[in-house]
Amino acid sequence: MLEQKEKQKIIEQYKTHAADSGSPEVQVGIISEEIRKLLLHLKKHAKDFHSKRGLLKMVARRRTLLVYLKRESEKRYKGLIKKIGLKNK
């Protein structure tokens, strides 16, 4: 789990307007950071299957949000992919 200060930094980085805290860009940014942290944990604890299952759920949730964003606005999708550093399909 991310701490409140870390989440605030991510929200500031990905927000689309001043009061934004729940847009797809922000949600994907938060999930991506949680995935990075969980991957670091799984490198040390390879047999932690409960965490591995949580990782798969987070990846699926991020993929769903990205598909939604791509359907709604291709331009915002491409900008977010570049910002986060994911590969484009």
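One can find the structure itself at the top, above this paragraph.
Draft legend 1. Summary view of the packing of helix α1 (residues 4-14) against helix α2 (residues 24-44). α2 packs onto α1 with a crossing angle of 135° between their chain directions and a minimal axis gap of 9 Å. Judged by the inter-axis angle, α1 sits oblique to α2. In terms of crossing hand, the pair formed by α1 and α2 is right-handed. Note on element contacts: α2 touches α1 through Glu25, Val26, Gly29, Ile30, Glu33, Glu34 and Lys37, opposite Glu6, Lys7, Ile10, Ile11 and Tyr14.

Draft legend 2. Molecular detail of the side chain of Arg62. Looking at the element boundaries, Arg62 is found in helix α3 (residues 49-72). We note that Arg62 is buried and unpaired, the nearest opposite charge coming from Glu33 at a distance of 9.2 Å. Look past the residues within four positions of Arg62 in its chain and what remains in contact with it is Val28, Ile31, Ser32, Ile35 and Leu86.

Parameters and conventions
Residues numbered from 1 in each chain as written. Predicted model: local features only at pLDDT ≥ 70, side-chain atom pairs only at ≥ 80, totals over all residues. Heavy atoms only, no water. Axes fitted to C-alpha atoms, helices over the stretch in contact; angles between N-to-C directions. Helix = DSSP H or I, 4+ residues; strand = E, 2+ residues; numbered from the N terminus. Parallel < 35°, antiparallel > 145°, perpendicular 65-115°, else oblique. Left-handed = near helix turned anticlockwise from the far one by under 90°. Contact = heavy atoms within 4.5 Å. Buried < 20%, exposed > 50% of the residue type's maximum accessible area, 1.4 Å probe, protein only. Lys, Arg positive; Asp, Glu negative; His and termini not counted. Salt bridge = Lys/Arg side-chain N within 4 Å of Asp/Glu carboxyl O.

By themselves these figures say nothing about function.
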